[in-house]
Amino acid sequence: MMLAIALMLMLSPNAVDAHPAPIQIHDAYSRPANDMGAVFLTIVNGGASDDAVDAARSDVAGATEVHESYDTGSGSGMRHIPRLPISAGQTLSFRSGGYHVMLIGLKRDLRAGDRFTIGLHFEHAGWIDVPVVVKGF
Amino acid sequence: MLAAISAVALFTTALPTSAAMPAGVHDLLGKPAPDFHLVDQSGKDFVLSGLRGRAVVLFFGYTHCPDICPTTLATIASALRQLGTEAPKKIQVAFVTDDPARDSPHTLGRFTSLFDPSFLGLSGSAAQMAPVYKAYHVWFQRLPNPGSAAGYLLAHSSIIYMIDRDGTLRFIHDWRDPMPAIQADLKELMT
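Residues numbered from 1 in each chain as written. Chains lettered and ligands numbered in written order. Predicted model: local features only at pLDDT ≥ 70, side-chain atom pairs only at ≥ 80, totals over all residues. Heavy atoms only, no water.

Engineer: Sorry, what's going on with the overall build of chain A here?
Structural biologist: In terms of helices and strands, chain A carries two helices and 10 strands. When the helices and strands of chain A are placed in sequence order, the string is α-α-β-β-β-β-β-β-β-β-β-β. Residue pairs in contact within chain A that sit at least 24 positions apart in sequence constitute 65% of those at least 6 positions apart. Taken as a whole, chain A presents about 6,800 Å² of accessible surface, with 57% of it coming from carbon and sulfur. (Helix = DSSP H or I, 4+ residues; strand = E, 2+ residues; numbered from the N terminus. Contact = heavy atoms within 4.5 Å. Areas by Shrake-Rupley, 256 points an atom, 1.4 Å probe, with all protein chains shown as cover.)

Engineer: Whenever I open this one, helix α3 (residues 68–82) of chain B confuses me. Can you help?
Structural biologist: The α-helix advances 3.6 residues per turn, and as a result positions three or four apart in sequence lie on the same side. All names here are of chain B. Here α3 spans 21 Å end to end across 15 residues, near enough to the 21 Å set by a 1.5 Å rise per residue. Counting buried positions along α3 yields 13 of 15 residues, so the element is predominantly enclosed. Among the residues trailing α3, G84 stands out with phi positive, at a value near 100 degrees. (Expected span 1.5 Å × (residues − 1). Buried < 20%, exposed > 50% of the residue type's maximum accessible area, 1.4 Å probe, protein only.)

Engineer: Help me understand the pattern of salt bridges, please; the structure alone is not making it clear to me.
Structural biologist: Once their charged atoms are close, side chains differing in charge can pair, the charge on each being opposite to the other. Taken as a whole, this structure holds 13 salt bridges over all chains when the rule is applied. The residue R57 of chain A makes a salt bridge to D129 of chain A at a minimum N-O spacing of 3.3 Å. Of this pair, R57 of chain A sits in strand β3 (residues 51–58) while D129 of chain A sits in strand β10 (residues 126–134), and the two are 72 residues apart along the sequence. When the shortest N-O distance is used, the salt bridge between R102 of chain B and D99 of chain B registers 2.8 Å. By relative accessible area, R102 of chain B is classed as partly exposed at 22%. Through salt bridges that share partners, D71 of chain A together with D174 and R176 of chain B make up one connected network. (Salt bridge = Lys/Arg side-chain N within 4 Å of Asp/Glu carboxyl O.)

Engineer: How should I be thinking about the nonpolar core in this particular structure?
Structural biologist: Proteins that are soluble and globular tend to have nonpolar side chains buried together. Counting 43 residues, the largest nonpolar core has V57 and L186 of chain B as its most contacted members. Elements with a contribution of two residues or more to this core: β8 (99–106) of chain A together with β3 (55–61), α3, β4 (91–97), α5 (105–112), β7 (153–156), β8 (159–163) and α7 (179–190) of chain B. Residues within four places of L186 of chain B in sequence aside, it is in contact with V57, I76, A79, L80, L83, I91 and M162 of chain B. (Core = buried A, V, L, I, M, F, W, Y, C linked by side-chain atoms within 4.5 Å.)

Engineer: Please explain the sheet that holds strand β9 (residues 169–174) of chain B as it appears in this structure.
Structural biologist: The strands that make up a sheet are held in pairs by hydrogen bonds between backbone atoms, and each pair lies either parallel or antiparallel. Residue and element names in this part refer to chain B. Taken together, five strands build an open sheet; the order of strands is β5-β4-β3-β8-β9 and the sheet is mixed. At either end of the open sheet lies a strand with only one pairing partner, and these are β5 (120–122) and β9. Taken over all neighbouring pairs, the strand axes of this sheet differ in orientation by 25 degrees on average, direction set aside. Both β3 and β4 contribute to a ladder of seven bridges, which runs parallel. (Pairing = 2+ DSSP bridges. Axes fitted to C-alpha atoms, helices over the stretch in contact; angles between N-to-C directions.)

Engineer: For this particular structure, what's the right way to read the interface of chain B and chain A?
Structural biologist: The figure often quoted for interface size is the accessible area lost as the parts come together. Facing the 34 residues of chain B at the interface are 34 residues of chain A. It is P66, D67 and L114 of chain B that lose the most area in chain B upon contact with chain A, and together they represent 23% of the buried surface on that side. The interface formed by chain B and chain A contains two salt bridges. In this structure, R110 of chain B and D109 of chain A form a salt bridge, with 3.1 Å as the shortest nitrogen-oxygen distance. (Buried area = accessible area lost by both parts, 1.4 Å probe.)

Engineer: Sorry if this is basic, but what is going on with the confidence of the model for chain B here?
Structural biologist: Reading fine detail from the predicted coordinates is not recommended where pLDDT is low. Residues and elements named next belong to chain B. For chain B, mean pLDDT is 88; residues scoring 70 or higher make up 90% of the total. This stretch, residues 1–19, has a pLDDT under 50; its non-local contacts, to residues over four places away or in other chains, come to 28 contacts. Reported for the predicted complex are a pTM of 0.83 and an ipTM of 0.74. (pLDDT = per-residue confidence, 0-100.)

Engineer: Even after reading the chapter, I still don't get the packing of aromatic side chains, so can you show me in this structure?
Structural biologist: Geometrically, a pair of aromatic rings is defined through the distance of the ring centres and the angle of the planes. If you walk through the whole model with that rule in mind, you get 12 aromatic pairs over all chains. Between F60 of chain B and Y161 of chain B, the ring centres sit 5.7 Å apart and the planes meet at 80 degrees, which makes this aromatic pair edge-to-face. Residue F60 of chain B is located in strand β3, and its partner Y161 of chain B is located in strand β8; the two are separated by 101 residues in the primary sequence. Neither residue differs from the other here; F60 of chain B and Y161 of chain B are each classed as buried. Three or more aromatic residues joined by ring pairs form one cluster here, namely F36, F46, F60, Y133, Y136, F140 and Y161 of chain B. Here the guanidinium or amino end of K135 of chain A rests over the ring plane of Y29 of chain A, the centre of that ring lying 4.3 Å away. In this structure, R142 of chain B is placed above the aromatic ring of Y152 of chain B, and the distance from its NZ or CZ to the ring centre is 3.8 Å. (Phe/Tyr/Trp six-rings, centres within 6.5 Å; stacked < 30°, edge-to-face > 60°. Lys NZ or Arg CZ within 6 Å of the ring centre and 35° of its normal.)

Engineer: I'm lost on the environment of P88 of chain B in this one. Help?
Structural biologist: All names here are of chain B. Relative to the assigned elements, P88 resides in helix α4 (residues 87–90). Exposure remark for P88: the relative accessible area of 31% places this residue in the partly exposed category. Considering only alpha carbons, one finds P88 and S118, 30 residues apart in sequence, at a separation of 7.2 Å. With residues up to four places along the chain from it excluded, the contact list for P88 reads R54 and S118.

Engineer: Hey, could you run me through α7 of chain B in this one?
Structural biologist: All names here are of chain B. Taking 1.5 Å of rise per residue, 12 residues should cover 16 Å, and α7 covers 17 Å from first to last C-alpha, within 8% of that figure. When α7 is considered as a whole, its buried residues turn out to be M179, I182, Q183, D185, L186, L189 and M190. An end-on view of α7 places all buried positions within 165 degrees of arc, on one side of the element. Residues of α7 that are exposed and point over 90 degrees away from its buried face: P180 and K187. (Arc of directions from axis to C-beta.)

Structural data, given as structure tokens:
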């Protein structure tokens, strides 16, 4: 059993990957919130292949989805983005007023200074966990 | 004059965002801010003109808003904190709901207290809210948001209204205006 686990660990992509991860995610932060929250971050696709975010997860919210705020001409609208492509070499910034990872039905209040983790799933790169800090500003 | 400069500045330095202002908002500048009567997060009556002598900052939004409302309230809270301990005494910030069906006084209080305990969360019945939205040219629309677990969302105008201590609507800002520009006008309200 122990041997099987050791073998699985050795064979898992994270354990044997000698190359830099093609997808890198950094500068993830959130705002104080108590029902709906949003995470902003930067994704860099440093690989040679196109990829796409097609799922998100977190343990602080009932559901986690990628959304986009957009200008309606009279104000700000928002829509769910089930699949967000990111081309090879592209840097995609999730910023207030644009893309964000939406935390729906928060299980606890997010207060300035809190830290938590979310995961983004990529069609090719798989799940990537991202540490998030809650910033008052 | 300052109001005029501010309005010009909005058009010259924030072109991408000024387009998002509903028609009529700029006409409010320099005039008495429309008075209204709502309830605050503790269920107490709130009358705008009752705050005469203190400046008031109004922002209309909803507590299920994950992006623009928290960002704007965090910006205002941070700008005020940097202006010193006198700022909250001289300026009252009030978040007014666009979503009275879901935003009870309690819900609003939980939300606004995350940014600053002095912030008010205002709501009322549909009949009470309607003339307030009309007077301030507040625009919003329910988005059904299919395929999402979030329930309905709102598209909404996202304007910061700044009312001086005499009750005149002195400045307006789009939520995306840079913090120093917002802070400069908050400072002006304190003088």
